[in-house]
Amino acid sequence: MSAQPYQRYLKALWVGTIVTLLYVPIVSVVLVSLANTRYMRFPHRVWTVDAYRDAVDSFTTWTIHLISLKMALSVVLIAVVLGTLGAMAFARYDWRGRTIFQRLIVLPIFFPQPVLGLALLLSFSALGITPGWKTAVIAHAVWIVPIVTLVISIRLFGYDVAQEEAAFDLGASRWQVAREITLPALWPGIFSGALFAFLLSWSNLPLSVFTSGADTPLPVWLFSRTATNYSPLVPAVAVIGTLLSALGVIALLLLRRLLARGR
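Residues numbered from 1 in each chain as written. Predicted model: local features only at pLDDT ≥ 70, side-chain atom pairs only at ≥ 80, totals over all residues. Heavy atoms only, no water.

**Student:** If you had to explain the overall build of the chain to someone new, which residues and values would you point to?
**Tutor:** Looking only at helices and strands, the chain has twelve helices and zero strands in total. Counting from the amino terminus, the chain carries its helices and strands in the arrangement α-α-α-α-α-α-α-α-α-α-α-α. Taken over the C-alpha atoms alone, the chain extends approximately 75 × 70 × 35 Å along its principal axes. Within the chain, the proportion of its 263 residues that are buried is 37%. Only carbon and sulfur atoms are counted for the fraction: they give 69% of the accessible area of the chain, which is about 16,000 Å². Side-chain charges of the chain comprise 20 positive and 10 negative groups, with the mean position of each set lying 9 Å from the other. (Helix = DSSP H or I, 4+ residues; strand = E, 2+ residues; numbered from the N terminus. Buried < 20%, exposed > 50% of the residue type's maximum accessible area, 1.4 Å probe, protein only. Areas by Shrake-Rupley, 256 points an atom, 1.4 Å probe, with all protein chains shown as cover. Lys, Arg positive; Asp, Glu negative; His and termini not counted. Charge placed at Lys NZ, Arg CZ, Asp CG, Glu CD.)

**Student:** If you had to explain the nonpolar core to someone new, which residues and values would you point to?
**Tutor:** The biggest cluster of nonpolar side chains holds 53 residues, and the ones touching the most others in it are Ile144, Leu156, Ala197, Trp221, Leu222 and Val237. The set of elements that each furnish at least two residues to this core consists of helix 2 (50-57), helix 3 (59-92), helix 6 (113-126), helix 7 (133-157), helix 9 (174-202), helix 11 (218-228) and helix 12 (233-262). In terms of residue count, helix 3 provides more of this core than any other element does, twelve residues in total. (Core = buried A, V, L, I, M, F, W, Y, C linked by side-chain atoms within 4.5 Å.)

**Student:** So what about the pattern of salt bridges? Which residues, and what values?
**Tutor:** The full count for this structure, using the stated rule, is one salt bridge. A salt bridge links Arg53 to Asp50, with the nearest nitrogen and oxygen atoms 2.5 Å apart. Of this pair, Arg53 and Asp50 both sit in helix 2, three residues apart, roughly one helical turn. (Salt bridge = Lys/Arg side-chain N within 4 Å of Asp/Glu carboxyl O.)

**Student:** Help me get a handle on a nonpolar patch on the surface, residues and values and all.
**Tutor:** Taken together, the side chains of Trp14, Val15, Ile18, Val19, Leu21, Leu22, Tyr23, Ile26, Val27 and Val30 define a hydrophobic patch exposed on the protein surface, amounting to about 970 Å² of accessible area. With respect to the helices and strands, the residue Val30 is situated in helix 1 (residues 3-32). Taking relative accessible area as the criterion, Val30 reaches 30% and is therefore assigned partly exposed. (Patch = residues over 30% accessible without salt bridge, like charges linked within 9 Å, V, L, I, M, F, W, Y side chains within 5 Å.)

**Student:** Account for the packing of aromatic side chains, with residues named and values stated.
**Tutor:** One pass over the full model with this rule turns up two aromatic pairs. Summarising the aromatic geometry, the rings of Trp187 and Phe191 are spaced 5.9 Å apart at their centres and angled 50 degrees between planes, so their arrangement reads as tilted. Here Trp187 pairs with Phe191, and both are found in helix 9, just four residues apart, close to one helical turn. Between the aromatic rings of Phe198 and Trp202, the centroid separation amounts to 5.9 Å while the plane-to-plane angle is 20 degrees, which identifies the pairing as stacked. Separated by four residues within a single helix, Phe198 and Trp202 lie in helix 9, roughly one turn from each other. (Phe/Tyr/Trp six-rings, centres within 6.5 Å; stacked < 30°, edge-to-face > 60°.)

**Student:** Tell me about the packing of helix 3 against helix 7, and name the residues and values.
**Tutor:** Close contact between helix 3 and helix 7 brings their axes to 6 Å; oriented N to C, the two are set at 40 degrees. Taken together, the axis directions place helix 3 and helix 7 in an arrangement best described as oblique. Helix 3 and helix 7 meet at a crossing whose hand is right-handed. Of the residues belonging to the contact of helix 3 with helix 7, the class tally is 21 nonpolar, seven polar and two charged. (Axes fitted to C-alpha atoms, helices over the stretch in contact; angles between N-to-C directions. Parallel < 35°, antiparallel > 145°, perpendicular 65-115°, else oblique. Left-handed = near helix turned anticlockwise from the far one by under 90°. Nonpolar A, V, L, I, M, F, W, Y, C, P; charged D, E, K, R; others polar.)

**Student:** So what about the packing of helix 3 against helix 11? Which residues, and what values?
**Tutor:** Across the interface, helix 3 lies against helix 11 with an axial gap of 8 Å and an inter-helix angle of 135 degrees. When the interaxial angle is binned, helix 3 and helix 11 end up oblique. Here Thr60, Ile64, His65 and Ser68 of helix 3 lie close against helix 11, whose contacting residues are Leu218, Pro219 and Trp221. When grouped by side-chain class, the residues that make up the contact of helix 3 with helix 11 number four nonpolar, three polar and no charged. (Contact = heavy atoms within 4.5 Å.)

**Student:** Summarise helix 3; cite the residues concerned and give the values.
**Tutor:** If you check helix 3, its first and last C-alpha atoms are 48 Å apart, about what 34 residues at 1.5 Å a residue would give, namely 50 Å. Sitting at the head of helix 3, Ser58 places a side-chain oxygen 3.3 Å from the backbone nitrogen of Thr60. (Expected span 1.5 Å × (residues − 1). Polar contact = N/O pair within 3.5 Å; in protein donor to acceptor, adjacent residues only side chain to side chain.)

**Student:** With reference to specific residues and values, describe helix 9.
**Tutor:** Spanning 29 residues, helix 9 covers only 36 Å between terminal C-alpha atoms, well under the ideal 42 Å at 1.5 Å per step. The axis of helix 9 is deflected most strongly, by about 50 degrees, at Trp187, and proline Pro188 appears within four residues downstream. (Bend = angle between axes of the 7 residues up to and from the residue.)

Shown next as structure tokens:
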């Protein structure tokens, strides 16, 4: 009995350490953005929100966020559609070549992203395609679709096919079975995959550096400004981007709750 309080304290200490390590970098970015000098030093001699004012008033800030948003939403749409179909082939049906497909579908995940981005850039150049945000969407999809496929497949491995067979016996059409039984059963996996796709695309740097061209998304802008022309504007834009991505996730969670209530 005496060991139980000790174990609880140890677990609490461990969890607290993990949470601290996760959030200290974010807090440090917020603190740096409140400085009035381009040199990183703490504590600040002058605390100011001028960087946030400049970021909100800057046309570049909204342009890079809009490009990142277009890319992330496009990747979500592509990943959900292809990931759902791929998951059905991955875990739902038994067909010749399924084992090879299961191995090939996860192959892009294990490629280093800079190598994958460089390979795609060379491919686009050979085909005469000018890099832009659309080519970056393709690059993101090559890496993210397999991840979404695996996430949705987890739901399919526990899916009871007898539900569909019972619906067919009762006279339901294939579309009715898909709409009323299959998709609702897969919805948690589809929603989780969509969240993964949005966040992975929104914050992706290695693939975007090689394939976005003149259309600069948020991660590429932050990297280039930090390396060449740092100012408090950079962490301020990073904080704004983090808040916008958090708001996007919250909006998706609220949408999921509304859809669940509607059903």
